[in-house]
Amino acid sequence: MLEWNLWRALLDGTWITVQVTVLAALLGTILSILSGLAGLSSVRAVRWANQVYVDFFRGTSAIVQLFWIFFALPFFGISLSPLLAGVVTLGLNMGSYGSEVVRGAIRAVPRGQTEAAIALNVTSFDRMRYIIFPQAAVTMLPPYGNLLIELLKASALVSLITLSDLTFQVQILRVNGSASTTQLFTIALVLYFLLAMGITGLVRAAEGYLGRGLEIGRGARRS
Amino acid sequence: MPDNPEPNHDEPSNSRSAILERSAEPDAPARTASRLAVAAGDELEGSGVRFSGVTKRFGDLTVLDQLDMEVAPGEKMVIIGPSGSGKTTILRVLMTLERPEAGTVEVGGEQLYHEERNGQLVKASEKHVRQVRRKISMVFQHFNLFPHMTALDNVSFGPRKVLGLSKDEANERAARLLEVVGLGDKFGEHPARLSGGQKQRVAIARALAMEPEVMLFDEVTSALDPELVGEVLNVLRDLAENTTMTMLLVTHEMGFAREIGDRVVMFDGGRVVEQGPPTQIFGDPQEQRTRDFLRAVLDRE
Ligand SMILES: Nc1ncnc2c1ncn2[C@@H]1O[C@H](COP(=O)(O)OP(=O)(O)O)[C@@H](O)[C@H]1O
Ligand SMILES: [Mg+2]
């Protein structure tokens, strides 16, 4: 087996991967919600600007975005640390996909829910906050979980801008011959898989929590 | 009112005796009105409603055609008419779920869609609409309960977030209302676990919790299995007989309409075809369309 200091390097890398993923997920989640709501705005300019954002980040390569933000942005006077550049790129990316998830789920909440809330004289903000969004969140969670796992995997890109995440460490150890390629990549696969399982577990737990009383998939949501 | 010492719904409810004891408050008025009416705040005066020249179109379809209609404060008005005649639309216009293209709607003497500025009637701000809408509540055909909330939370939500009651006050009001509609043992249930009749009673409690002056009921028993209709009608009957709330009810339950209606309005093609006291509309309808409609409905029963 590997020596302790090699394990140590891999676990350090894993920790960086976790940090990048969690921070980018936070940013991505906030952007998903804002962008999803913007897509439903009654103001045309807001919808239009939002669509530009969504189309741009979904339509261009994440690795090129990352390089652009890390290597090109400094020419405009904005230099980001590798961590920040990675988090910003991955977050913007996730937000552009999450936008549709949020928008679709909100639109899927039956119209009667909004009407009942209006009949109770609830303000439009509280309507979204207490009535519509909590119900939509249940629908959002499965595709949102997929986005988180995509994000975890995409986080390996940050190794290309010198951030020493799990993939970066594996490459280093492989190149300097500290361990066999097979061994290193097998370990990396297992570690990524365990992280993904962790995400899946968290999302399941959230589904259970938010779905209380809803009896998902049995048509009970109409009531 | 005094000749109605008991809530006259015979809904079997194990919480009934508990309510009887609890509501024997020392400072309560000597009157023995229905518990439901008391819980619903029956001392509140109903507001009148006036539609003037209200027109509502969906594309090319004119659903309400220059409708003029008045509902007196405290009146129980039943609206009948064939499917697609615009009955739901009237209630939805009053609840501000549909904005009319023309005309004005007044509730308790206040304009709903307009407000006066510099002596002129202009389109109302959202703030003004909300302030007038406070007086109105609605119960829907398909309940529209909030599925992610318990029965208690469904009822206490409005008082808490809209009327600004504290959590305890709102829960207490919700509990009282759920008890009097016979759901004292269902506080913690989510709507998915309730029968249709129970859901609709929660929805009625939710609407009552806002202490409305005008209540709208849109075919509230139509989505129910036949054996569950009675328990909901009992609650409505109690409200109709023991509160001074103004009520607009769209229903196909003709027996019920005859029993509780002060006035029955027959609707067709977005216009009032005929109206009058139930005895007249059901006993001696003047218009052919009313006769045809009633025959069609009664044949079905
Ligand atoms: N949102 C809508 N869009 C288009 N047409 C509608 C809409 N709502 C109602 N209608 C039409 O308006 C007419 C009256 O509807 P409604 O008021 O629901 O009738 P009722 O309740 O008497 O059956 C019907 O022909 C219906 O199809
Ligand atoms: Mg209808």
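Please read all numbers here as calculations on a predicted model, not as lab measurements. (Residues numbered from 1 in each chain as written. Chains lettered and ligands numbered in written order. Predicted model: local features only at pLDDT ≥ 70, side-chain atom pairs only at ≥ 80, totals over all residues. Heavy atoms only, no water.)

A. Focus on the overall build of chain B. Each helix and strand counted, chain B has 11 helices and 12 strands in total. For chain B, buried positions account for 57% of its 301 residues. Excluding contacts between residues fewer than 6 apart, the proportion of contacts in chain B whose partners are at least 24 apart in sequence is 65%. Summed over all atoms, the accessible surface of chain B reaches about 12,800 Å², with 45% contributed by carbon and sulfur. (Helix = DSSP H or I, 4+ residues; strand = E, 2+ residues; numbered from the N terminus. Buried < 20%, exposed > 50% of the residue type's maximum accessible area, 1.4 Å probe, protein only. Contact = heavy atoms within 4.5 Å. Areas by Shrake-Rupley, 256 points an atom, 1.4 Å probe, with all protein chains shown as cover.)

B. Region of the structure containing the site of ligand 1. Residue and element names in this part refer to chain B. What surrounds ligand 1 is the set Phe-58, Leu-61, Val-63, Pro-82, Ser-83, Gly-84, Ser-85, Gly-86, Lys-87, Thr-88 and Thr-89. Between Ser-85 and ligand 1, the recorded distance is 3.2 Å, taken from a backbone N or O atom to an oxygen atom. One of the side-chain N or O atoms of Thr-88 is found 2.7 Å from an oxygen atom in ligand 1. Notes on ligand 1: free accessible area 560 Å², of which the protein chains cover 59%. Put simply, the parts of the chain that give the shell around ligand 1 at least two residues each are strand S2 (61–71) and helix H3 (87–94). The element best represented in the shell around ligand 1 is H3, accounting for 3 residues. By residue class, the composition of the shell around ligand 1 is 4 nonpolar, 6 polar and 1 charged. (Near = heavy atom within 4 Å. Polar contact = N/O pair within 3.5 Å; in protein donor to acceptor, adjacent residues only side chain to side chain. Nonpolar A, V, L, I, M, F, W, Y, C, P; charged D, E, K, R; others polar.)

C. Layout of the pairing of strand S11 (residues 263–268) of chain B. Residue and element names in this part refer to chain B. Within S11, 5 of the 6 residues are buried, which leaves it mostly tucked inside the rest of the structure. Relative to S11, strand S3 (residues 76–80) runs parallel, the two sharing 4 bridges. Note that in S11 the partner of Met-77 across the bridge is Arg-263. In this structure, S11 lies alongside strand S12 (residues 271–276), joined through 5 bridges in antiparallel fashion. Its bridge partner lying in S12, Asp-268 is registered against Arg-271. Between S11 and S12, which pair antiparallel one after the other, the connecting turn spans 2 residues, and Gly-269 there sits at a positive phi close to 55 degrees. (Pairing = 2+ DSSP bridges.)

D. Looking closely at helix H6 (residues 167–180) of chain B. All names here are of chain B. Counted at 1.5 Å a residue, the expected span for H6 with its 14 residues is 20 Å, and the 20 Å between its end C-alpha atoms agrees. All of the buried residues along H6 are Ala-170, Arg-173, Ala-174, Ala-175, Leu-177, Leu-178, Glu-179 and Val-180. Just beyond H6, the residue with positive phi is Gly-182, at close to 85 degrees. (Expected span 1.5 Å × (residues − 1).)

E. How the structure looks around the confidence of the model for chain B. Residue and element names in this part refer to chain B. Model confidence for chain B is summarised by a mean pLDDT of 87, while 87% of its residues fall at 70 or above. Within the model, the stretch residues 1–32 combines pLDDT values under 50 with 41 contacts to residues more than four positions away or in other chains. Across the interface, the model reports ipTM at 0.85; the global pTM reads 0.85. (pLDDT = per-residue confidence, 0-100.)

F. Representation of the confidence of the model for chain A. On average, chain A scores 92 in pLDDT, and the residues at 70 or more come to 96%. In the model, residues 216–223 of chain A has pLDDT below 50 throughout and makes 17 contacts with residues more than four positions away in sequence or in other chains.

G. A look at the nonpolar core. Counting residues in each nonpolar core, the largest one holds 52 residues, and the members touching the most others are Ile-80, Leu-178, Ile-204, Met-215, Phe-217 and Leu-239 of chain B. When residues of this core are assigned to their parent elements, the largest contribution, 8 residues, is made by helix H8 (residues 226–242) of chain B. In this structure, Val-102 and Ile-131 of chain A together with Met-69 and Val-132 of chain B belong to the second largest nonpolar core, which totals 48 residues. (Core = buried A, V, L, I, M, F, W, Y, C linked by side-chain atoms within 4.5 Å.)

H. View of the interface of chain A and chain B. Facing the 23 residues of chain A at the interface are 27 residues of chain B. Run the count over chain A and chain B and you get 1 salt bridge. In this structure, Arg-92 of chain B engages Glu-115 of chain A in a salt bridge whose closest nitrogen and oxygen atoms are separated by 2.8 Å. In this assembly, chain A and chain B are joined by 7 residue pairs in polar contact (both at pLDDT 80 or more). When contributions to the side of chain A that touches chain B are tallied by element, the ones reaching two or more residues are helix H5 (111–119) and helix H6 (124–154) of chain A. The element contributing the most residues to the side of chain A that touches chain B is H5 of chain A, with 7 residues. Classifying every residue of the side of chain A that touches chain B gives 11 nonpolar, 7 polar and 5 charged. (Salt bridge = Lys/Arg side-chain N within 4 Å of Asp/Glu carboxyl O.)

I. Region of interest: the environment of Ala-205 of chain B. All names here are of chain B. One can find Ala-205 in helix H7 (residues 196–208). Between the C-alpha atom of Ala-205 and that of Val-180, which follows or precedes it by 25 residues, the distance is 8.8 Å. Those residues within four positions of Ala-205 in sequence are excluded, and the remaining contacts are Val-155, Leu-177, Leu-178 and Val-181.

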